[in-house]
Amino acid sequence: MTSTRFRTWAALWAAGLGVMRALAAEDVLLADFEGADFGGWTVHGTAFGEAPARGTLPEQAAVGGFRGQGFVSSFHGRDRATGRLVSPEFTVSRRYLNFLIGGGEEVGATCVTVTVEGQPVRSATGREDEFLNQATFDLGEFLGRTVRIEIVDGFAGSWGHINADHFVLSDAAATPPFVQNPPPPPPYHDEPLRPQFHFTAHSNWLNDPNGLVRVGDQYHLFFQHNPTGREWGNMTWGHAVGTDLVRWKELSPALLPDPLGTMFSGSVVVDAENTAGFQTGKEPALVAIYTAAGGTSEASKGRRFTQCLAHSNDGGRTWIKYAGNPVMDAIGDDDRDPKAFWHAPTRRWVMPLYVGVPDPSRPDAQGKPAIRHTCQFFTSPDLKQWAPSGVFPEELSECPGLVSLPLSPAPGTHLWVLWGGDGAYWTGDFDGRSFTAKSGKRIGDYGTHFYAAQAWDALPNGRVVLIGWMRGGKYPGMPFNQQMSFPVDLSLERQSGEVVLVKWPVPEIRNLFTSVLREDLPKPFPPGTHRVAGDLGDLLDLELEFLPGSARTVSLEVRGQTFRWDAASATATAFGKSIPSPPVAASAGRRSEFPPPWGPDLKPWDGSVRWRLLVDRTSLELFVNGGLATASFCFLPEGPPALSLTVEGGDLAHARLVRRTLKSAWR
Ligand code: FRU
């Protein structure tokens with residue numbers, strides 16, 4: 001035992017902790033509750049009994065996961081009893097406190113808490129599960145200070161107890177150093193404002209999708225996440241996986257903040273040719289290239305934004321940061337959001353990157369140069385050394401995306417699409433070094449809540465699937481904050497001489513369909529309101545096609561929100577936004593809006609307006625005329641699910657409505 005380790009051991013012993021001893025390496029065991037009593041811990045109330053439990057207590061479901069024979073249980077006197085078990089003061093001599101926890105999930109009431117001068121500074125609950133799971137607190141900011149652990153049972157209702165064991169101070173975090181509360185069983189994920197087929201984090205904040213990649217049959221969805229709060233901050237890469245782009249399972253966070261910064265947006269590639277040399281087994285390594293946002297945390301104070309690598313050799317479960325990070329130093333102002341991909345013709349990795357360039361010709365209010373938002377291109381043979389290869393001349397906000405798509409109806413022709421965070425895009429050419437626009441800037445989404453989209457762009461058969469962050473939705477009282485958009489297939493179509501980026505919900509949505517109903521309105525339909533009868537549920541995939549005839553306005557009302565089409569301007573209006581109705585190109589007509597049994601034979605009417613609307617509990621996404629224009633909105637539902645169509649000013653020549661009810665993707 002080194003003298004330092006001995007001194008720590010001795011100091012803790014002197015502090016009065018009962019059972020403890022120095023472990024291998026540098027860990028310090030604070031308490032494992034293997035003795036006949038609680039050692040130096042103080043017992044309050046009756047819930048903890050007189051001594052550590054040595055197994056499941058009477059009338060308790062089977063307890064598992066504890067270490068050795070003994071552990072703390074507050075099930076003495078069952079759920080009704082309450083109490084607290086408080087450790088002696090000890091000095092935080094290692095950064096992490098690792099421990100095991102199970103039992104109730106009452107925040108602040110069935111929990112393990114660390115207190116400094118009596119004030120709780122960290123707290124974790126169980127997950128309504130008797131099993132004791134590993135948890136970790138990061139106590140870095142309290143190093144050298146004296147603290148206490150309190151095991152709290154202040155709740156007398158169902159699941160009013162807590163289990164805990166094996167408290168160890170360590171230089172290594174046993175789990176990501178935030179207490180994760182993975183989803184307990186339903187009704188979790190069924191809260192009134194929880195989207196049911198749009199991705200949300202189990203709890204806390206989410207923004208941009210990151211690192212979209214498919215490995216085998218599994219899609220990975222990483223995302224900007226604050227694992228400890230409902231507001232933006234503390235950026236970490238959250239992680240979810242699924243096989244159908246619709247149903248997701250959240251895993252532990254993949255990339256945690258480090259001294260180079262918090263983890264901002266980026267991408268993941270499959271390094272099939274092991275160009276970076278990270279591969280250890282038979283399967284190619286996954287490589288994440290992300291922004292370490294220096295200066296956004298205490299630990300990274302004074303640092304700038306740099307680009308970094310991490311790799312995984314176990315299908316994305318464990319990520320190891322590259323020892324040579326950063327691979328790209330700061331260039332401009334807050335450079336970020338690298339979106340790397342393999343460019344086969346030049347056998348190089350390519351990376352569009354957002355770079356903020358100070359522009360002295362445009363001083364801001366303080367006289368400092370305003371920041372010009374640019375997209376710059378870099379190439380690399382090995383993901384580690386990057387050389388600049390081009391600058392896109394127009395302003396582009398953060399989160400660039402660049403993909404190649406076939407142009408329909410021109411077989412064999414491909415065009416590249418470049419977009420920025422606000423969804424605006426250009427179509428053009430990419431020669432492996434730089435992008436040249438052949439179009440003007442086009443609006444990507446006409447709604448209010450579509451941002452920072454990223455694509456799964458290395459899918460079989462050239463399929464490209466886009467998902468965005470529905471920025472700015474409100475979810476009062478919910479454990480989560482923000483949702484993703486519904487994934488869409490991307491294609492390009494020529495329409496009135498312009499090339500348009502077409503978005504269409506991925507057909508995998510059918511995995512959620514529970515019923516399909518088609519209704520033809522009386523023909524012609526005079527001014528008035530048609531209320532759709534029957535139990536609609538609150539999750540719908542609706543399609544409405546109408547031939548306006550002499551009607552001046554046609555309004556679809558759903559969940560208290562109105563989508564109104566105006567004949568004079570041939571535009572739709574929703575939430576105060578105008579959404580154009582681009583004429584349907586011949587090829588768009590091929591996309592079946594009414595899949596079997598009414599599909600292929602149901603030809604669109606000439607000159608009709610076709611809307612598809614995805615209705616979730618707190619989002620509405622409109623796809624106009626086969627996805628030639630889209631508009632994404634978050635909303636707070638008003639009133640029970642109801643659906644009606646109102647015609648004003650003249651007769652509607654013809655209208656038909658297909659409504660599919662959906663089940664939740666969480667069950
Ligand atoms: C876009 C963005 C990115 C950045 C991330 C931080 O929403 O600002 O530019 O990487 O969010 O969370």
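Residue numbering note: each chain is counted from 1, following its sequence as written. Local features in a predicted model are, by the rule used here, given only for residues with pLDDT of at least 70; side-chain atom pairs are given and counted only at 80 or more, and totals for whole chains, interfaces and linings are based on all residues. Only heavy atoms go into the side-chain values, all of them from the structure, while hydrogens and water stay out.

Chemist: Which residues make up the site of the ligand, and what values go with them?
Modeler: When at least one non-hydrogen atom of a residue lies within 4 Å of a molecule or strand, that residue is treated as near it. If you check the shell around the ligand, you find 13 residues, and the closest are Asp208, Gln224, Trp232, Arg336 and Asp337. In protein, a polar contact means a hydrogen-donor-capable atom and an acceptor-capable atom, both N or O and within 3.5 Å, with residues adjacent in sequence counting only if both atoms are side-chain atoms; elsewhere, any N or O pair within 3.5 Å suffices. Here an oxygen atom of the ligand sits 2.6 Å away from a polar atom, N or O, in the side chain of Gln224. Between Asp337 and the ligand, the recorded distance is 2.5 Å, taken from a side-chain N or O atom to an oxygen atom. Note on areas: these come from Shrake-Rupley sampling with a 1.4 Å probe, and a residue is covered only by the protein chains present in the view. For the ligand, the accessible surface in isolation is 320 Å², of which the surrounding protein chains cover 92%.

Chemist: So what's going on with the sheet that holds strand β16 (residues 249-255)? Which residues, and what values?
Modeler: Taken in spatial order, the five strands make up an open sheet running β16-β15-β14-β13-β32, and their pairing is mixed. A single partner strand is all that each edge strand has here, and the edge strands are β16 and β32 (480-481). By this definition, two strands are paired if DSSP reports at least two bridges between them. Note on conventions: DSSP H or I runs of at least 4 residues are helices, E runs of at least 2 residues are strands, and numbering of each starts at the N terminus. Here strand β14 (residues 218-226) pairs with strand β15 (residues 236-242) via seven bridges, running antiparallel. Residue Phe222 lies in a different strand from β15, and its bridge partner there is His239.

Chemist: Hey, could you go over the pattern of salt bridges for me, with residue numbers and the actual values?
Modeler: Salt bridges, as used here, are contacts in which a Lys or Arg side-chain nitrogen is within 4 Å of a carboxyl oxygen on Asp or Glu. Enumeration over the complete set of coordinates arrives at 31 salt bridges. Residue Lys301 is joined to Glu298 by a salt bridge in which the shortest nitrogen-to-oxygen separation is 3.7 Å. The class for Glu298 is exposed, based on a relative accessible area of 63%. Across the pair Glu498 and Arg442 runs a salt bridge whose closest N-O atoms are separated by 2.9 Å. Placement of Glu498 in strand β35 (residues 498-505) and of Arg442 in the loop between β29 (435-437) and β30 (451-456) is noted, with a sequence separation of 56 residues between them. Remark: exposure states derive from per-residue accessible area (1.4 Å probe, protein chains only) relative to the maximum for the residue type, with buried under 20%, exposed over 50%, and partly exposed in between.

Chemist: Mind laying out the environment of Gly432, listing which residues take part and the relevant values?
Modeler: Assignment of secondary structure puts Gly432 in the loop between β28 (425-430) and β29. Assessed through its relative accessible area of 2%, Gly432 is described here as buried. In this structure, the C-alpha to C-alpha distance between Gly432 and Val464, residues 32 residues apart in sequence, is 19 Å. If sequence neighbours within four positions are ignored, Gly432 has contacts with His343, Thr346, Val350 and Thr379. Any two residues having at least one pair of non-hydrogen atoms within 4.5 Å are treated as being in contact.

Chemist: Now, about the state of the cysteines: what can you tell me, with residues and values included?
Modeler: Cysteine sulfur atoms that come within 2.5 Å of each other are treated as a disulfide pair. Enumeration according to the criterion identifies zero disulfides in this entry. Looking at the unpaired Cys308, the closest cysteine sulfur is the one in Cys399, lying at 17 Å. Free of any disulfide, Cys375 has its nearest neighbouring cysteine sulfur in Cys399, separated by 11 Å.

Chemist: For the packing of aromatic side chains, give the residues involved together with the corresponding values.
Modeler: Side-chain rings of Phe, Tyr and Trp (the six-membered ring for Trp) are treated as a pair once their centres are within 6.5 Å; stacked means planes under 30 degrees apart, edge-to-face means over 60, and tilted covers the remaining angles. Tallied over the entire structure, the rule returns 35 aromatic pairs. With a centroid separation of 5.4 Å and an interplanar angle of 5°, the aromatic rings of Phe99 and Phe167 are classed as stacked. Here Phe167 lies in strand β12 (residues 162-170) and Phe99 lies in strand β7 (residues 96-103), a separation of 68 residues in the sequence. Both residues of the pair, Phe99 and Phe167, belong to the buried class. Summarising the aromatic geometry, the rings of Trp205 and Trp469 are spaced 6.0 Å apart at their centres and angled 75° between planes, so their arrangement reads as edge-to-face. In this pair, Trp205 sits in strand β13 (residues 204-215) while Trp469 sits in strand β31 (residues 465-470), placing the two residues 264 residues apart along the sequence. Judged by relative accessible area, Trp469 falls into the buried class, the value being 8%.

Chemist: So, the pairing of strand β44 (residues 619-624): which residues are in play, and what are the values?
Modeler: Side chains on a regular strand alternate between the two faces of the sheet. Across the six residues that make up β44, a large majority, six, are buried. Residues Ser619, Glu621 and Phe623 of β44 are buried on one face, and the alternating residues Leu620, Leu622 and Val624, pointing to the opposite face, are buried as well. Relative to β44, strand β43 (residues 609-615) runs antiparallel, the two being bridged by five bridges. In the strand pairing of β44, Trp611 is matched with Val624. Where β43 hands over to β44, the hairpin turn is made up of three residues, counted between the paired strands. The pairing of β44 with strand β45 (residues 629-634) spans six bridges and is classified as antiparallel. Across the sheet, Val624 pairs through a bridge with Ala629, a residue of β45.

Chemist: Give me the lowdown on the confidence of the model for the chain, citing residues and values where you can.
Modeler: By definition, pLDDT measures how confident the predictor is in each residue, and it falls between 0 and 100. Taken residue by residue, the chain gives an average pLDDT of 89. The fraction at 70 or more is 91%. Below a pLDDT of 50 lies the segment residues 181-185, which in the model reaches 10 contacts outside its immediate sequence neighbourhood of four places, other chains included. With pLDDT under 50 throughout, residues 593-601 is counted as low confidence; its partners more than four residues away or in other chains account for 19 contacts.

Chemist: Describe the nonpolar core, and please don't skip the residues or the numbers.
Modeler: The biggest cluster of nonpolar side chains holds 57 residues, and the ones touching the most others in it are Phe197, Phe199, Trp419 and Trp456. Breaking this core down by element, the ones donating at least two residues are β13, β14, β26 (401-408), β27 (414-419), β30, β31, β34 (488-495) and β35. Not counting the four nearest positions on each side in its chain, Trp456 is found in contact with Leu212, Val213, Arg214, Tyr219, His220, Leu221, Leu245, Trp248, Arg463, Val464, Val465 and Ile467. Definition used in this section: a nonpolar core is a set of buried Ala, Val, Leu, Ile, Met, Phe, Trp, Tyr and Cys residues joined via side-chain atoms within 4.5 Å. Core analysis: the next-biggest nonpolar cluster, separate from the first, contains 34 residues, Val558, Phe563, Leu613 and Val624 among them.

Chemist: Mind laying out unusual backbone geometry, listing which residues take part and the relevant values?
Modeler: Here the amide bond leading from Asn325 into Pro326 is cis, since omega sits at -5°, within 30 degrees of zero. Positive phi values are uncommon outside glycine, yet Phe33 reaches one of about 55°. Looking at the secondary structure, you find Phe33 in the loop between β2 (28-31) and β3 (42-45). In this structure Phe33 comes out as buried when scored by relative accessible area, which is 1%. Phi is positive for Asn204, close to 75°, though the residue is something other than glycine. Structurally, the position occupied by Asn204 is in strand β13. Taking the relative accessible area as the measure of exposure, Asn204 reaches 12% and is therefore buried.

Chemist: Let's hear about the sheet that holds strand β40 (residues 561-566): which residues, and what values?
Modeler: Pairing is antiparallel across the open sheet formed by six strands, whose spatial order is β37-β46-β39-β40-β41-β42. The sheet is open, and its two edges are formed by β37 (528-531) and β42 (577-580), each paired on a single side. Neighbour-to-neighbour, the strand axes of the sheet open up by a mean angle of 20°, direction not taken into account. Of the strand pairs in this sheet, strand β39 (residues 553-558) and β40 are connected by six bridges, and their pairing is antiparallel. Bridge assignment links Val554 to a residue of β40, and that residue is Trp565. Helix axes are fitted only over the stretch in contact, all axes being lines through C-alpha atoms; the angle between N-to-C directions runs from 0 to 180 degrees.

Chemist: Describe the environment of Ala201, naming the residues involved and giving the relevant values.
Modeler: Position of Ala201 among the secondary structure elements: in the loop between β12 and β13. Along the chain, Ala201 and Thr379 lie 178 residues apart, while their C-alpha atoms are 33 Å from each other.

Chemist: How would you sum up the side chain of His343? Please name residues and give values.
Modeler: Considering the arrangement of structural elements, one finds His343 in strand β22 (residues 341-343). Its relative accessible area of 6% is what places His343 among the buried residues. Apart from the residues within four sequence positions on either side, His343 is in contact with Arg348, Val350, Trp416, Phe430, Asp431 and Gly432.

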